[in-house]
Amino acid sequence: MTPRPNPPAKKPKSSKAKAKSADKAADKAKVTGKAADKAKVKPAVEEVRSDAQAEAVQAETAQADVQAEAVQAHARAEALEPAPVTSVTPVTPAVTPTPVQEAVQEVRSLAVLDRADRERLLGGAHHDPHSVLGAHPVPDGVVFRVLRPFALAVTVVAEGLRAALHDDGDGFFSAVLPLREVPEYRLVVEYEGAVQDVEDAYRFLPTLGDLDLHLFGEGRHEQLWTMLGAEPMEHQGVSGTRFSVWAPNARGVRISGSFNFWDGTAFPMRSLGSSGVWELFAPGVHEGELYKFEITRPDGTKTMRADPMARRTELPPATSSVIHASRHEWQDEEWMARRADRPAHQAPFSVYELHLASWRPGLTYRQLAEQLPVYISDLGFTHVELMPVAEHPFGGSWGYQVTGFYAPTARLGTPDDFKYLVDALHRAGIGVIMDWVPAHFPRDEWALAEFDGRPLYEHEDPLRAAHPDWGTLEFDYGRREVRNFLVANAVYWCEEFHIDGLRVDAVASMLYLDYSREAGQWTPNVHGGRENLDAVAFLQEMNATVYRREPGVVTIAEESTAWDGVTRATHHIGPGGFGGLGFGLKWNMGWMHDSLDYVSHEPVHRKYHHHEMTFSMVYAYSENYVLPISHDEVVHGKRSLVSKLPGDWWQQRATHRAYLGFMWAHPGKQLLFMGQEFAQGAEWSEAHGPDWWLLDPSYGAEADHRGVRDLVRDLNGVYREVPALWELDTDPAGFGWVAGDAAEDNVFAFLRFGTDGSPLLAVSNFSPVVRHEYRLGVPDDVPAWHEVLNTDAGRYGGGGVANADPVKPDDQAWHGRPASIRVTLPPLSTVWLRPA
């Protein structure tokens, strides 16, 4: 193409006009590209001091302006990629460039990004966008570079300055302005049909300090949620949101969200060195906005990921993270002040387990806060245990396949709504335990699996990573950052949501390398054993950290094997060479399986299974136990508790009541799943929850179900009032068999003692016949005994067989004790007696 001829040079101004022109020089550096280019040559102009030299420079400047316009028109006509002016063929070959023309070209070249940076930014693979975007001092002033896709124009605005940036194509805008230092500036960005006045994200310093990065690198940042994730904040006097994410294998990370129309091109994050953390402060972005991280993998492909540290999520099945700032004001000061007064294993501890989404289907957290505390208080339970609350994509997993470890599920409301529910329970005097799932996570492509293109949260060995039972992935407990993610998560729920206990799911699957694996599918540890040493260290660290930071909180292990020292202190070494895991309590899965097996047999056959009810006392003091009748036992073909029991409807209900009476008197804490407190006949389904209609007075058999619920209320009432039933749960001095070998009679009798020696006598008759004048050995220092609870009482739906008057002992030794009493044992019942 033939170059356009140069336009004629402007006539030099007179000396008088020159002075006015010099006064207006700054005003001319405004919105047009031509004026911006004039500003760029100001340093050269300032070097010319004489009037004659000034006139010559002004003439050359005018000519350079026109030539620069010609060069830009030439590039546009050829549809060329913008490049430094010095690389473009001279507009007029016959004319030698003047010194000022060369200065213009050199200044322009300082503003335009080189091809490598440009491509990396557009491709989402730049590790340090702040080094090239934003404002930076250069020898000729300050260079401004902005990446704003789809913008028509970008103007820099500061005190005394308004300058349009040059359109470099592909959303890049730049200019070198004659400034001595970088000002505090804003951007006016013009789009088709809209103009935005915004802060430039690339003028801000990092929001994370060296201490944060150091602690995270060592795996010891116990409040990790204050460092990673999306944090609304004020930074350098400007409000916005700090985004940060751990993605050490990523080539680049950008933020996409509702605030940028899900185009992260203009929001590349910077890498904070070897920490693997990427960070960006986004001014003007506030709570309620949706976001994800767009990660460029090592192979150059891209993936959109939800924030692992998100504190709020979209309502499933949508998967975006939501910027959140809590506004809840806690009102549970009294509860929090006294919850550490007594250790859980020495306190009354009866737990009602429930699935929030199906307890009363359709209720939100706030609606549950109006109903649940009333119901639990009426029944007398000391705690509720919530099946997993953390966000999960599939409701049918009941929350046990977590994708949002730091976010309460959005199905029932916001994080503050969940806090409101916890607050309401605390104000009603009810503790809150939640199921916590650090054993595994699902493979959803938008969540944690191969988060940055390579195994990160999961173990790099595929055999170690894949959970054989659930199609999920196991965490890499040996990686410091992963362990920090989980330990901080345990602290987070206790600290931010005032949770009083964590029931840790599937501990056994974490502890054993060969869990559900055949020979050849697992690799021994460094000692040649099957123990997962990394998981052991993680659980010890988690428990030690939670107990140190959160007084009064209890951790509970769902551990189904005979692992030694689950509830032993971490610094106490056991016979296997390991310190204890440090849990406060452990689910007694053995008791649960044995006792349910016993009562599921016909009474005539129970004598052959008598040991199943007594064997638990062989190991009762090896750990601090909870006796669980949980959701796992009443779903998927296992039938509800009452439906497991033999006989007609009367016998089933009677055995159900007798079993609960035996359970509440047995050493250990109690846990009962929703629906079992009123003998629901159907197994639980998360789709519709408990059969509340059974308690409708218009239902013919309502009294049968209400009677069982009334019994549960009375069990909890007596339990709380009688220290013998809980003070020495973990001490052999708190228990003594009276009749542990009466297999032919299907009778079990034992004494419970408080720390002051006060006794309670519990007697269960699992045969369908009345046993009159049944002799039982008792201490000789109790003058008389009276019934405090009888599961056969008429108000519970029983036959009303009872010991009406106080029962006085005689001096006939029996069952190895110096005195004995004769009592009437109702059929299929449990009776509690205390000193009269």
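## Some thoughts on the overall build of the protein
On a plain count of helices and strands, the protein comes out with 19 helices and 33 strands. In the protein, once contacts between residues fewer than 6 apart in sequence are set aside, the share between residues at least 24 apart is 72%. For the protein, the computed accessible surface area is about 33400 Å², with 51% contributed by carbon and sulfur atoms.

## Notes on the confidence of the model for the protein
The pLDDT averaged across the protein works out to 89; a share of 87% of its residues lies at or above 70. Low pLDDT (under 50) marks residues 1-95, which in the prediction has 88 contacts with non-local residues, meaning those over four places away or in another chain.

## Things to note about the packing of aromatic side chains
Applying the stated criterion across every chain yields a total of 50 aromatic pairs. Judged by centre distance (5.4 Å) and plane angle (40°), the ring pair of Phe678 and Trp692 falls under tilted. Taken together, the residues Phe678 in the loop between strand S26 (669-673) and helix H19 (702-721) and Trp692 in the loop between S26 and H19 connect sequence positions 14 residues apart. Of the two residues examined, Phe678 and Trp692, each falls in the buried class.

## Details of empty space enclosed by the protein
Per the stated rule, a full pass over the model turns up eight cavities of 30 Å³ or more. The volume enclosed by the largest cavity comes to roughly 150 Å³. Residue composition of the lining of the largest cavity, grouped by class: 10 nonpolar, seven polar and three charged.

## So, helix H11 (residues 415-427)
An ideal rise of 1.5 Å per residue puts 18 Å on 13 residues; H11 measures up with 18 Å between its terminal C-alpha atoms. Burial analysis of H11 places 11 of its 13 residues in the buried class, which makes it a mostly covered element. Along H11, the residues classified as buried are Pro415, Asp416, Asp417, Phe418, Lys419, Leu421, Val422, Asp423, Ala424, Leu425 and His426. A positive phi of about 80° marks Gly429, the residue just after H11.

## Some points on the pattern of salt bridges
Here the structure, examined in full by the defined rule, presents 41 salt bridges. When the shortest N-O distance is used, the salt bridge between Arg118 and Asp170 registers 3.4 Å. Of this pair, Arg118 sits in helix H6 (residues 115-122) while Asp170 is found in the loop between strand S5 (166-169) and strand S6 (172-177), placing the two residues 52 residues apart along the sequence. Judged by its relative accessible area of 3%, Arg118 is buried. The residue Arg411 makes a salt bridge to Glu391 at a minimum N-O spacing of 2.8 Å. Taken as a pair, Arg411 in the loop between strand S20 (404-408) and H11 and Glu391 in strand S19 (residues 390-391) lie far apart in primary sequence, 20 residues in all. By relative accessible area, Arg411 is classed as partly exposed at 27%.

## Quick notes on H6
Every buried residue of H6 is accounted for by Asp117, Arg118 and Leu121. The buried residues of H6 all sit within an arc of 100° when viewed along its axis, so they share a single face. Residues of H6 that are buried sit in contact with strand S2 (141-147), S5, S6 and strand S11 (252-257). With a side-chain oxygen positioned 3.1 Å from the backbone nitrogen of Ala116, the residue opening H6 is Asp114. Residue Gly124 follows H6 closely and has a positive phi angle near 70°.

## Some thoughts on the packing of helix H13 (residues 480-497) against helix H15 (residues 533-549)
Each pair of packed helices can be described by the angle between their axes along with the distance between the axes. Contact geometry of H13 with H15 gives a least axis separation of 10 Å together with a crossing angle of 30°. Overall, the two elements H13 and H15 adopt an arrangement that is roughly parallel. Handedness of the crossing formed by H13 with H15: right-handed. When H13 is examined against H15, the residues Arg483, Leu486, Val487, Ala490, Val491, Cys494 and Glu495 are found in contact with a partner set consisting of Phe538, Glu541, Met542, Thr545, Val546 and Arg549. Here the contact of H13 with H15 is composed, by residue class, of eight nonpolar, one polar and four charged.

## Concerning the sheet that holds strand S9 (residues 229-235)
With antiparallel pairing, the four strands of this open sheet are ordered in space as S9-S10-S13-S12. The outermost strands of the open sheet, each flanked by one partner alone, are S9 and strand S12 (270-271).

## Quick word on the packing of helix H10 (residues 365-379) against H19
At a minimum axis distance of 7 Å, the contact between H10 and H19 shows a crossing angle of 70°. When the axes of H10 and H19 are compared, the pair comes out roughly perpendicular. Counting all contacts with H10, which are made through Tyr375, Asp378 and Leu379, the residues of H19 involved are Arg709, Val712, Arg713 and Asn716. Class assignment of the residues belonging to the contact of H10 with H19 gives a composition of three nonpolar, one polar and three charged.

## What about the sheet that holds strand S33 (residues 829-835)?
Strand order in the open sheet formed by five strands is S27-S28-S29-S33-S31, with antiparallel pairing between adjacent strands. Each of the sheet's edge strands pairs with one partner strand only, and the pair in question is strand S27 (735-742) and strand S31 (785-790). Ignoring strand direction, the axes of neighbouring strands in this sheet form an average angle of 20°. Sheet topology places strand S29 (residues 759-765) next to S33; five bridges connect them, and they run antiparallel. Across the sheet, the residue bridging to Asn765 is Ser829, located in S33. Strand contacts of helix H18 (residues 649-665): strand S28 (747-753), S29 and S33, with the helix running at about 40° to S33, the strand carrying the most contacts.

## Structural notes on the nonpolar core
Core analysis: the largest hydrophobic core is formed by 177 residues, its most contacted members being Phe243, Leu356 and Phe418. Considering every element that reaches this core, the biggest residue donor is H13, with 11 residues. The next biggest cluster of nonpolar side chains, apart from the first, holds 21 residues, and it includes Val738, Val747, Val831 and Leu833.

## A closer look at the environment of Tyr202
When you line up the elements, Tyr202 lands in the loop between strand S8 (194-198) and helix H7 (210-217). For Tyr202, a relative accessible area of 7% puts it in the buried group. The spacing of Tyr202 and Gly134 is 68 residues in sequence and 4.7 Å in space, taken between C-alpha atoms. Tyr202 has contacts with Pro129, His130, Leu133, Gly134, Ala266, Phe267, Pro268 and Leu280, leaving out every residue within four places of it along the chain. For Tyr202, the side chain forms a polar contact with the main-chain oxygen of Ala266, separated by 3.4 Å.

## Some points on the pairing of strand S17 (residues 350-354)
Within S17, five of the five residues are buried, which leaves the element mostly enclosed by the surrounding structure. Judged by which residues are buried, S17 turns out to be covered on both faces: Ser350, Tyr352 and Leu354 on one side and Val351 and Glu353 on the other are all buried. Both S17 and strand S18 (residues 383-386) contribute to a ladder of four bridges, which runs parallel. Within the sheet, the bridge partner assigned to Tyr352 lies in S18 and is Val384.

## Things to note about the side chain of Arg483
Within the fold, Arg483 resides in helix H13. Engagement of the side chain of Arg483 in a polar contact is seen with the backbone oxygen of Tyr477, the distance being 3.1 Å.

## Overview of the pairing of strand S13 (residues 277-283)
Taking burial as the measure, the seven residues of S13 include seven buried ones, the bulk of the element. Because side chains alternate across S13, one face comprises the buried residues Val277, Glu279, Phe281 and Pro283, and the other comprises Trp278, Leu280 and Ala282, equally buried. Across seven bridges, strand S10 (residues 238-246) lies against S13 in antiparallel orientation. Bridging across to S13, Gly240 finds its partner in Pro283.

## Focus: the environment of Gly429
Along the polypeptide, Gly429 turns up in the loop between H11 and strand S21 (431-436). Sequence separation between Gly429 and Thr382 is 47 residues; the distance between their C-alpha atoms is 7.5 Å. If sequence neighbours within four positions are ignored, Gly429 has contacts with Trp335, Arg338, Thr382 and Arg720.

## Details of the side chain of His656
Mapped onto the elements, His656 comes out in helix H18. Setting aside its immediate chain neighbours within four residues, His656 contacts Leu641, Val642, Leu645, Gln676, Ala679 and Val708.

About the thresholds
- Residues numbered from 1 in each chain as written.
- Predicted model: local features only at pLDDT ≥ 70, side-chain atom pairs only at ≥ 80, totals over all residues.
- Heavy atoms only, no water.
- Helix = DSSP H or I, 4+ residues; strand = E, 2+ residues; numbered from the N terminus.
- Contact = heavy atoms within 4.5 Å.
- Areas by Shrake-Rupley, 256 points an atom, 1.4 Å probe, with all protein chains shown as cover.
- pLDDT = per-residue confidence, 0-100.
- Phe/Tyr/Trp six-rings, centres within 6.5 Å; stacked < 30°, edge-to-face > 60°.
- Buried < 20%, exposed > 50% of the residue type's maximum accessible area, 1.4 Å probe, protein only.
- 1 Å grid on protein atoms, 1.4 Å probe; cavity = no way out; pocket = protein on both sides within 12 Å on 5 of 7 lines; lining within 4 Å.
- Points joined across faces, edges and corners; volume = space filled by probe spheres on them.
- Nonpolar A, V, L, I, M, F, W, Y, C, P; charged D, E, K, R; others polar.
- Expected span 1.5 Å × (residues − 1).
- Salt bridge = Lys/Arg side-chain N within 4 Å of Asp/Glu carboxyl O.
- Arc of directions from axis to C-beta.
- Polar contact = N/O pair within 3.5 Å; in protein donor to acceptor, adjacent residues only side chain to side chain.
- Axes fitted to C-alpha atoms, helices over the stretch in contact; angles between N-to-C directions.
- Parallel < 35°, antiparallel > 145°, perpendicular 65-115°, else oblique.
- Left-handed = near helix turned anticlockwise from the far one by under 90°.
- Pairing = 2+ DSSP bridges.
- Core = buried A, V, L, I, M, F, W, Y, C linked by side-chain atoms within 4.5 Å.

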